[in-house]
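The primary structure of each chain is shown beneath.
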Amino acid sequence: MDTPSTTSRTFLGVPLMKPTVAFFELSSCEGCQLQIVNNEATLLDFLSFVTVVNFREAMTEKTDNYDIAFVEGSVTRADEVVRLKTIRKNAKILVAFGSCACFGGVNQLKNRFKDPAWVKKQVYGSHAIDSNDTAQPLDAIVPVDLKIFGCPVKKEEVEKIVMNVALGKAIEHPKFPVCMECKANENNCLFDLGEPCLGPITRGGCDSWCPSNRFGCWGCRGPAEDANIVQMQEIMKKHGFSEETMLDRLECFGGFARDADALRKTMKK
Ligand code: SF4
Ligand code: SF4
């Protein structure tokens, strides 16, 4: 990356690029961006590695001149398609920021409603809402360079990834499942405490955020490498949980959409 990056720091004596970064939101709760602003303890360190030039939650200045664009949310409207294409054109690196951007997130649940008009009426009554298209992840519309998973994203992980980008280091997502971190954190397995959990098949990296707080994993980071769905079904069954319970979790964030569709088909038989 060249301009508009600057090189005000060094690492092991080597000048460090200081990329300009911009944050944007499409259809979302903006919770992923909030994670960055909320990270008071390390925010200043983080900001010393990048120059933030566009961040509606935190500043009023704006520019179309940036190296890295973090885009939160899924695409659910025609004007968002246009906006995303413009961001893609401006950015050297486009990051799908959070599970809505990576998989459609909780927004993609609306693609699964049998009667979306009924749901819309129950939720919004007579209020007009302008979100009529299906919810899609960013890479259904434009090429994406990097995905940061999670609902919301884990701020420590975001900082690590951004620093690696600034250092020109390769980004590797964990291939292991949440269970590995859960064990390392010495938690009691929630199945032994009578609660369902998608930890065995979900990509780690959140430091077993939910199970460490006695809440079963809902799979917000999508599948771990070689996720064994059949074995997950067996574990659920063995502990007395129905296929509907498993399906609810698989459908929730969109990362397991194909597995959810396959399970739904077998349930109909
Ligand atoms: S609580 Fe969940 S993540 Fe933790 S060991 Fe049990 S199944 Fe795995
Ligand atoms: S435990 Fe599961 S649902 Fe919770 S943050 Fe981690 S991946 Fe997401």
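Since we're looking at a predicted model, the values are computed, not measured.

The local shell around ligand 2 consists of Val178, Thr202, Cys206, Trp209, Cys210, Pro211, Cys217, Trp218, Gly219, Cys220 and Arg221. Of the residues assigned to the shell around ligand 2, the class counts are eight nonpolar, two polar and one charged.

Near ligand 1 the following residues occur: Val178, Cys179, Cys182, Lys183, Cys189, Leu190, Phe191, Cys197, Gly199, Pro200 and Pro211. Here the residues of the shell around ligand 1 sort into nine nonpolar, one polar and one charged.

The next thing to look at is the pattern of salt bridges. The tally for this structure, following the rule as stated, stands at 13 salt bridges. Across the pair Arg56 and Glu30 runs a salt bridge, and its minimum N-O distance is 2.5 Å. With a gap of 26 residues between them, Arg56 in the loop between β4 (51-55) and β5 (68-72) and Glu30 in the loop between β3 (20-25) and α1 (31-38) connect regions that are remote in the sequence. Under the relative-accessibility criterion, Arg56 is labelled partly exposed at 49%. Between Asp139 and Lys147 there is a salt bridge, with its nearest N and O atoms 2.8 Å apart. Residue Asp139 is classed as partly exposed on the basis of its relative accessible area, which comes to 39%. The exposure class assigned to Lys147 is partly exposed, which follows from its relative accessible area of 26%. Within this structure, Arg112, Glu251, Asp261 and Arg264 form a network of salt bridges that share partners.

Let's shift gears to the side chain of Glu181. Its place among the elements puts Glu181 in helix α7 (residues 178-184). Among residues more than four places away in sequence, those in contact with Glu181 are Phe176, Gly204, Gly205, Cys206, Asp207 and Ser208.

Calculation criteria
- Residues numbered from 1 in each chain as written.
- Chains lettered and ligands numbered in written order.
- Predicted model: local features only at pLDDT ≥ 70, side-chain atom pairs only at ≥ 80, totals over all residues.
- Heavy atoms only, no water.
- Near = heavy atom within 4 Å.
- Nonpolar A, V, L, I, M, F, W, Y, C, P; charged D, E, K, R; others polar.
- Salt bridge = Lys/Arg side-chain N within 4 Å of Asp/Glu carboxyl O.
- Helix = DSSP H or I, 4+ residues; strand = E, 2+ residues; numbered from the N terminus.
- Buried < 20%, exposed > 50% of the residue type's maximum accessible area, 1.4 Å probe, protein only.
- Contact = heavy atoms within 4.5 Å.

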